[in-house]
Every structure is written in C-alpha cells, then in structure tokens.
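Here is what each chain is made of, one letter per residue.
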Amino acid sequence: MSSSTARPSTHAEKRSSGLGTGAATSDHSRAATSASTSRPRTTAASVKDPGGGGGGSSSNSFRPESRTDRDAHRPQAASPPISSSYGTSQAHKRTASGNPRQTSRSVEERRTEKVQVTTRETLVSRTRSPDRRSGPSSRGGADGLKQPQPPPQQQQRPPEPKGKEPLIEKPPQAPWDPEATLLSHTSAPLASRISIPPLASSAPPDLQPTPLHDLSLDVQEAVILEDLLFVLMGFEGQYIRFAKGYNPYEERDRLSGPQWRILPGLDPSLQDLTQSMLRMATHYMALETFVDVQSREEFGSVNHALCASIRKLLQEYLVMISQLEAQFLTNDTFTLHVLNVHTLPTGHMMSQIYALAHDLLKRNALLDDETDESSDSADDFDHILEQLRDGGDLVPGNMTGKKICKGGVVLGLITKRLESMSGDPASRTLLTALLRDASRPYMAMLNEWLHHGGINDPHSEFLVKEQRSIRRERLEQDYTDEYWERRYTIRDHDVPPQLEAVKDKVLLAGKYLNVVRECGGVDVSLQVRDVPTSFDDSRFLDNVNNAYAHANESLMQLLLTTHALPARLRSLKHYFFLDPSDYFSYFLELGTSELRKPVKSVNTGKLQSLLDLVLRQPGSIVALDPFKEDVKVEMNEITLTKSLQRVVNITGIEQGESLQPLTNQPVDNDKNASGFTSLQLDYAVPFPVSLVISRKTVWRYQALFRYLLSLRHLESQLSATWQTHTNGIVWAHRSSSRNLEIWKRRVWTLRARMLVFVQQLLYFCTAEVIEPNWQSLMSRLREKDAGVTSSAQDGTATAKAAGSGGAPGLTRTVDELMQDHVDFLDTCLKECMLTNSKLLRIHSKLMQTCTIFATYTNWLSRELEKADPDLTGTVKPPNMTDEQWKQFQAVRSQKAGADSQASGSTSATDDKAKDEAARISELFDVIRKWENNFSRHLQILLDALNHYAATETVVLLSLCARLSTANQGTEYAGLRNDDDVVV
C-alpha cells in the first residue's frame, strides 16, 4: 500500500477499515521532525515502491484509500529539501500528519544505528510472510487490517557487522493481525454486523505514535485534525482515544456514548477546542447504537420509523464529514477553528437527538438511571399477567416489570420535548420532522381503525387494545357486557397527547365500525384516501370527528332501521312487564297444575308448549308480535329475594348500573320453591341488537318480571281468598255467636288490607314507575330514529357536519342509547325497591305474611266451622235457608268421610270434647298474631319509604301515601320508635 493512503472517505470504507488508525512509526517521527526543505504540493505523495512494498511504516498504511490516492500512483520527481519552517503551508501539515516524503530516506539511513530501530527492522524482516508481502498490497477490505510491510530500505539492509552483538536472541513477537468478522443476525434488519475494532491501546508499542510534546504546534494541529475526522465517524485516532472506563463491547456503554481522552502533550490552545468537538463524536456513536437497538422488532413500528428518520440524519452527517475531509485534503486554510465552525450546527442537532434518545433509553431501562430495584411492585405482576393474556411466554426475558417504551409513549416524549424546545427554531424544526416521521405508522393504524374498524397492531402500541379471546359467540352467556366493554379498551398510559382529548371518540368510532363490519356493512377492500398521515396535518382532528360521526350514523341506522330495535323493546315490554297481561293470565290458568309443583318436578317443556299456544291465540296483541319465537320459559331455583340480596350486598343502591348475577357464589336453593316462585322468561336476541339488549339487561328484565309475577300471583291468591269469604257457607252464615262474627270481620279486614297493599304496590310499580320511564326511553329513541331517518333521506348530512354538530339527528350516540336503556332498567329496579337490602327484607316479610294468610284460608274455614255452634249440630239454624242447609250438609259429609279416613274415629270424639269458648279464643290469638305481624312490618316499610323518599328517591312518597291507607285505624298507625324501624 502506498504510504500516502489516507482516511476512509465514506461510511462504508470506514466500516471495512477495521482498526481505522494505526500508530505512526519512528520513521514517521523522523520524517516529521528532520525535514529542512520545502516541497511543492504536487509531491505530497511518495513514489510507489516498484517491488510492491509500501513507502514508510506510517499508521496511514492501515487505512483504506482516500481521495488523495489518485495522486499516489503517479511517478514523482525528486523534491528539493523541505524547509525547516512549517509556516501555514497545508503541504507541510499533510507531511507532518503522517505522509513522509521520499527525501527523508537519507535521514533514516543516517540514524539506523539506534538499537530500538534496528531491533524493530530485524524482527520484521525475520517474521514477515513472503506470501503475504509478495505483490502489491491491496487497499481496503480485510487486508487493510494486516500489519504493514516494512520499507524496501529495511528489507534490503545488509547484515550486521561481526563485531556487533546479534539482535536476534529475543523471541519473536506474534504479529498483531486484527481481522473484521460478521456478527450474528438480530431482529433489526439494518443493524451493523461488523465486529468492533480492537482498541488502539491494545496495539503493539512499535505502532504507537510520536508523543505530542515532541511535535510543533502546526504539526499537532495537523494530526489532531486528521484524528478528529476519524473520531467524528466513531473510530479512535492516533492521539484521541476512548477513555479507560469505556468498554465498546458493552451495549450500555455504547448507548451512553464513549468518553474521549487526548494523549498528553497537546497544546492548551487546541485542547479546549478539540474537547468541545468530541461531544459530537460521543453523540454520533451513541445514536448509531441507539438506532441499532431501537430498530429491533419488539420496540414497535413507531420506534422503527423514528430510527429510520434518525438514520437518515446520520447519513447526512457522514456526508458532511466527507465534505470536511475533502476540505482537509485540498484547502490550505482549513484549520481546527474552521472545522469547529462547520460542525457547530450539526453538533447542536446531534445533541438534541441524543437528548431525545437518552430519554427513550431511560424509559426502556437500558441505562443506569432506571435500574433501581423499586420496580418490583404490583405493577410488575400486572404487566406479567398482561403478557400472559396476550399470549406471551413466562421466560426470564419477559419477567421484567419494565414496559417497553413504544407507540404513543414515544410520540408523547417527542411532543413533550418539542414543547420545551419551542423557543429554539432549529430544534423545533428537527423535532417536528422526527415527530412527523415517527407518527406515520401510528396514523396508518389510526386510519385503519377509524375507517375500517380493524386493528393492525402487531406490536401492541396502538391506544386501543383488542382482547381477541372475547368473541361475540359468548354474548349469550355474557352477563357483564364483556364483549362491548372489554373487547376493545383504551391503553390509558399509551395515549399520545394529540389524541388525549378525542380518545373516547377514537374508541367508539372503531367499535361502531367493527360491529357494522361484522354485519357486512363495511367494505374493507376500499382504500381510504385523502386522510392525514401525520399528527401535524391540520385535518387531523377533523378526520377523527368525521369518522366518529360516520360510524355512529352507520351503527344507529343498522340498529334502528335494519334490525328494528324499537319493535324489539316493545316486545320485551309485552312479555316481561306483563303489558298487556291478558295472555299471561290465561297462561297461568292453563299451567296452574304444573306451576303448583315443586320446582324440580316442573315440566318446563309442557309450560313452553302452553306459552306458545297462548301467544298464538287469536285476538291477543302478542299474536301479532314478530319476535314471539324468541321467548322461552325457564326455572330459576333461587328465589327473587335471595338473588337480589346477593347482588345488592355487593353493589349497593347507588351502583344500580353494576347489578349483575354473581355466578361464582355458592347457590342456596329454596327447598320450598314452587313453579310460581321460580318461573321466569328468557329472550334470545341476535347480533348486533344483543349489544343493546345484552344479557346484563335481560337479567334486569327478568328481575322485574319475577317481582311483578310475585305480586300478580299473590293478588290472585288473595282474590281467591275473597271469593272463599264471600261464597263460602261457613263465612256467609251469620252465626248466633257474637264473638265469631267479630272474629270473621277481623279476618275480612285483614284480607282487605293485604289486598290493598298488594294492589297498590302493583299499581305503583306498573303505572308510576315502569310506564313513565318507558315513555321517556321511547321519546329519546324516537329522537335518534328521527335523526337517522332524516339523515338517510336527505343524503346531504355528511359526516363532517355531524362531527361539527351540524346534523341535529346525530347528536346522540349508540353508547348513549345503550346507557339510556340500562338507566331505564336501573331506575325501575331502584324505584321498585329492588336495590335496597333493607327494603327488600321488609318487603319479603310482608309478602311472606300475605302468602301464609292466603294459604291458610281453608284451615281457617275448617276451624270456623268447628267453632260455630250453629254448624256443629244436626238441626238447621234458624237464620239459614233450606237450600243452604242441604248444601252445607253435603259438604260436611264429604269432609267427614275424608277426616274419618285420615284420622279415625277418635278425632271426632276429641273435637267434640273441646270447649267452644276455647276454640274461639284460639282463633282470636291466631288472627291477632297475623294482624300484629302485618301491621308492624307495614309501618316499618312506611317509615323506611319516608326516609328514602326524603334522601334518595322522591317517587317513593307516592307509594308511601298509597300504603298508609292500609294501616289506618290500627295501633301501628303513625311514626314508630327507632327500635321498631330496625329490622
């Protein structure tokens, strides 16, 4: 290789050069310090040796060919002696910087008597490889890393005189032969795969340069300039090397960037200027490693785009270094100060990128600043569980609690830094360009979500997270609205600042379109055109608003028009709210024999057949219902009160929107449950109407239905009791005993009070709670329906107008419709006293008292007959007609036959032995207990209703006024003590 070969002029040559800079030899030192004559610039390169060997043993012989090699192969004439004055001639600097002239060989011959130089020449001549030294030396590539060939003068040196001591007794040193190798592939496709060059400090002593204090000021500036051009590309120079604490094989050190040290002896006037420029070299090396690391697959597409943008800036940086190298080689006035002036703007740019990269690396825990052990907290376990849910493996690499900084977090860091540097025009321009490039893949995902309802997020960096395990097939068993509320959620900590104000719109727009797409309403093959591709586009917010309005309109049209949501809701009202109830009363009459059985003995199939028969009965309003096939009969072995208390004990009255069946709790079935108390209806709803009429809302419908059914059934029982009291001979007969007549009137009064209580409660729930709330829901639904219809007919209500509030029909959204439906049901449950545990307990006791009273009507009739002296004898009472007496005798004979088979002949004898007064007294005790029980609990209910009407639900005042009539005239009328209020 020619002795004038210089530094690499491109980044690729720099990569292939391996070590990059060797050390200058002693020949270089003698050539730099002993020259005494000036020389024209045309002879800056030495004459190439005909034998193929290089010129001097300068460190430049290790470097690939530079732009000056075009002169290196030209035959040069003998040059006049070099003047001892270096002056400002750039030719002098190039000579002093390591390109020795041909005229310096005579000086070398005069000083070969030095033992150090002779020893070096002898060792090289004995250990050189003929195969390697034969022929001209190749330039660049791997051979550029081999040890340089000795000069021809040293190869043809005559043997030492016999009188001198031989210098070959020392063992020969192994040749320093560094080689470049290829590293293994990583997930970063453009990462450098060239091995790291060896440190300059590890080079043999004979390759170390001349100390700086032995060089003049001009020569120092020349060698420092040459070193800086290498250092600015990330390679050590002869005099500028890595600090001792820096390990290039450690990724953390390379990400932080190396600290540099200048060999001692440099003039102070050059020291400070050189140190200031070395910061740019530190930033360049750190950014080069940052790009390689952050380009790995796991860091996401936003980091990849940011690294591509930084890589483009680093390429421009290398172009600038090449231009500075050309100036160094051709311009006589190029000095260290000129280099500093040229690199100031680029140094500022590099410092800004380095600061941004440093923040990202700290967030990724790749630097020492974030390696504390405080991260071992509950968040770590949440992160590990999230990785497992997303399909990750529980391997040591994934066990770290640190999340990778990607996606919206990266954009947020760039935006935050852009805001803090807004006063610096250069930094603002740079960071704006980086933000624009980094946000392009994010905007591509955003546009796909907004306009197609799909998520293309392989690295989990988009603000909307999709749970693919939640599918719409689970809607039939989903009591928590998991599909709608949890399939698509927002990553609150990963939202870019630009989307923080509209993140809810972004989420809903994609969710709406996703539903429409699953129903075949979105053509995903169409390419979205004319949409913003970066955050700095002025149409960015308009794009979100327009997409949101269009998606809302599409789904609303699908629900209200295509799938007839209003008709579905009216159908639910017919079946679950018993409006009208004529068909259901007929169904209860037909199924009475089956519904009286214990719940485990009820034939559900038979009841389903009876219901289908009733629903198809001509003349009924439900016969015209197109959705009657979706109604099913089922049995719930858990009583309504227990089911509601299980929910209310956890959610409370203020969280009605969270009411849901707790399927994970142990089931405590009611052993006395019958078909009447366990009957409930189910309703099958197809997708996408199942989003509005979900299992969570159907459960609310079922709770209200069971409550209304219990009131209806109790009303029918009390009505049957009234018929018994009216038509029964035992009750209709006017007894001669005054006490019995008083007792019968007390029974009739208690039955009337119970019937008033049940009827008033049923009327309140249907006419004052369900119906007004239903009308309110329908009015809001008609507003939405009218808005969608007008928009569809007009065709001019564009999404843009909707996004800006221009279309009045689209001011309400599908989520508001769903929330209105849930609020309607929760309000009904709350105002029907089904969300308060205290009211539930009081109501349960009152209902139980009424049920026991209605059930024991026949027992009371038998006891009354036994206690009435007119009915125990065989003589017709004077106040009874003959027809009544014959009917009574027939009934008594039937009862006597049944009693004789059941209890034998002794029971009749025992009954006759009892005193009639004792019987009447016992009857009075029984009715007194029922009266006290019913009146006391009714008054407690009234006091509780007064309290909750004043504090929570004012509509309960109406019920309180209605029920107070059932307790008038009793000893419990009016306000009670606090002890009575407590249940």
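Residues numbered from 1 in each chain as written. Predicted model: local features only at pLDDT ≥ 70, side-chain atom pairs only at ≥ 80, totals over all residues. Heavy atoms only, no water.

Counting its regular elements, the chain contains 39 helices and 6 strands. Looking at the chain as a whole, 51% of its 983 residues qualify as buried. Within the chain, counting contacts between residues at least 6 apart in sequence, those at least 24 apart form 79% of the total. Of the roughly 45800 Å² of accessible surface on the chain, 51% is carried by carbon and sulfur atoms. (Helix = DSSP H or I, 4+ residues; strand = E, 2+ residues; numbered from the N terminus. Buried < 20%, exposed > 50% of the residue type's maximum accessible area, 1.4 Å probe, protein only. Contact = heavy atoms within 4.5 Å. Areas by Shrake-Rupley, 256 points an atom, 1.4 Å probe, with all protein chains shown as cover.)

Here we come to the packing of aromatic side chains. Per the stated rule, a full pass over the model turns up 23 aromatic pairs. A centroid spacing of 4.8 Å and a plane angle of 40 degrees characterise the contact between Phe242 and Trp260, whose relative ring orientation is tilted. One end of the pair, Phe242, is in strand β1 (residues 240-242); the other, Trp260, is in strand β2 (residues 260-262), with 18 residues separating them in the sequence. In this pair, the class of Phe242 matches that of Trp260, namely buried. An aromatic cluster is defined as three or more aromatic residues linked by ring pairs; in this entry it consists of Tyr575, Phe576, Phe577, Tyr583, Phe584, Phe587, Tyr683, Tyr701, Phe705, Trp774 and Phe824. (Phe/Tyr/Trp six-rings, centres within 6.5 Å; stacked < 30°, edge-to-face > 60°.)

On to the packing of helix α13 (residues 336-363) against helix α16 (residues 425-452), then. Running from N to C, α13 and α16 point in directions that differ by 50 degrees, and their axes come no closer than 10 Å. Between α13 and α16, the crossing angle belongs to the class labelled oblique. As for the relative orientation of α13 and α16, their crossing is right-handed in sense. Only Ala426, Ser427, Leu430, Leu431 and Leu434 of α16 make contact with α13, whose side of the interface consists of His348, Met349, Gln352, Ile353 and Leu356. Classifying every residue of the contact of α13 with α16 gives 7 nonpolar, 3 polar and no charged. (Axes fitted to C-alpha atoms, helices over the stretch in contact; angles between N-to-C directions. Parallel < 35°, antiparallel > 145°, perpendicular 65-115°, else oblique. Left-handed = near helix turned anticlockwise from the far one by under 90°. Nonpolar A, V, L, I, M, F, W, Y, C, P; charged D, E, K, R; others polar.)

A few words now on the pairing of strand β6 (residues 679-683). A large share of β6 lies buried, amounting to 5 of its 5 residues. Side-chain alternation along β6 places Leu679, Leu681 and Tyr683 on one buried face and Gln680 and Asp682 on a second face that is also buried. Summarising the sheet, strand β5 (residues 631-635) and β6 pair through 5 bridges and their orientation is antiparallel. When the sheet's bridge partners are listed, Met635 is paired in β6 with Leu679. (Pairing = 2+ DSSP bridges.)

With that settled, the discussion passes to the state of the cysteines. Note: disulfide means a covalent bond formed between the sulfur atoms of two cysteine side chains. Across all of its chains, the model carries 0 disulfides by this definition. Of all cysteine sulfurs, the one in Cys832 lies closest to Cys828, which takes part in no disulfide; the gap is 6.2 Å. The class for Cys828 is buried, based on a relative accessible area of 0%. (Disulfide = S-S within 2.5 Å.)

Across the interface, helix α37 (residues 916-951) lies against helix α38 (residues 956-964) with an axial gap of 9 Å and an inter-helix angle of 155 degrees. Judged on the interaxial angle alone, α38 and α37 are roughly antiparallel. Two packed elements cross with a definite hand, and for α37 against α38 that hand is left-handed. Here Leu938, Leu941, Leu942, Leu945, Asn946, Tyr948 and Ala949 of α37 lie close against α38, whose contacting residues are Leu956, Leu957, Leu959, Cys960, Leu963 and Ser964. Looking at the contact of α37 with α38 residue by residue, the classes come out as 11 nonpolar, 2 polar and no charged.

In this structure the tally under the stated criterion is 24 salt bridges. Residue Arg616 is joined to Asp612 by a salt bridge in which the shortest nitrogen-to-oxygen separation is 3.9 Å. For Arg616, a relative accessible area of 38% corresponds to the partly exposed category. On the accessibility criterion, Asp612 (25% relative accessible area) is partly exposed. What you see here is one network of salt bridges that share partners, running through Glu466, Arg487 and Glu518. (Salt bridge = Lys/Arg side-chain N within 4 Å of Asp/Glu carboxyl O.)

Turning to the environment of Asp227, a few remarks are in order. Along the polypeptide, Asp227 turns up in helix α9 (residues 217-231). C-alpha of Asp227 to C-alpha of Arg241: the two residues are 14 residues apart in sequence and 9.3 Å apart in space. Not counting residues within four places of it along the chain, the set of residues in contact with Asp227 comprises Gly237, Gln238, Tyr239 and Ile240.

Moving on: the layout of surface pockets. Space inside the second largest pocket adds up to approximately 1600 Å³. Contributing to the lining of the second largest pocket are 49 residues, with Thr677, His713, Leu714, Gln717 and Thr851 lying nearest its centre. Every element with two or more residues in the lining of the second largest pocket is listed here: α21 (582-590), α24 (640-651), α25 (675-678), α27 (695-727), α32 (837-855) and α33 (857-867). Among the elements that line the lining of the second largest pocket, the one with the most residues is α27, at 14 residues. Across the lining of the second largest pocket, the residue classes tally to 17 nonpolar, 23 polar and 9 charged. (1 Å grid on protein atoms, 1.4 Å probe; cavity = no way out; pocket = protein on both sides within 12 Å on 5 of 7 lines; lining within 4 Å. Points joined across faces, edges and corners; volume = space filled by probe spheres on them.)

In this structure, Val506, Phe757 and Leu941 are the most contacted members of the largest nonpolar core, which totals 216 residues. The element best represented in this core is helix α29 (residues 738-794), accounting for 18 residues. Not counting chain neighbours up to four residues away, the residues in contact with Leu941 comprise Phe757, Met833, Leu839, Ile842, Leu846 and Leu963. (Core = buried A, V, L, I, M, F, W, Y, C linked by side-chain atoms within 4.5 Å.)

The subject of this paragraph is unusual backbone geometry. Omega for the bond connecting Phe687 with Pro688 falls within 30 degrees of zero, at 10 degrees, which places this linkage in the cis form. The backbone of Ser460 shows a phi angle near 55 degrees, a positive value even though the residue is not glycine. At Ala564, a residue that is not glycine, the phi angle is positive and equals roughly 50 degrees. By the element assignment, Ala564 lies in the loop between α19 (540-562) and α20 (565-576).

So, about the confidence of the model for the chain. Parts of the prediction with low pLDDT should not have their coordinates interpreted in detail. For the chain, the average pLDDT comes to 74, and 65% of its residues sit at 70 or higher. Summarising per-element confidence for the chain, the mean pLDDT is lowest in helix α2 (residues 26-34) (35) and highest in helix α12 (residues 300-330) (95). Counted against residues more than four places away or in other chains, residues 392-401, with its pLDDT under 50, gives 12 contacts. In the predicted structure, residues 651-667 sits below a pLDDT of 50 and forms 37 contacts with residues beyond four places in sequence or in another chain. (pLDDT = per-residue confidence, 0-100.)

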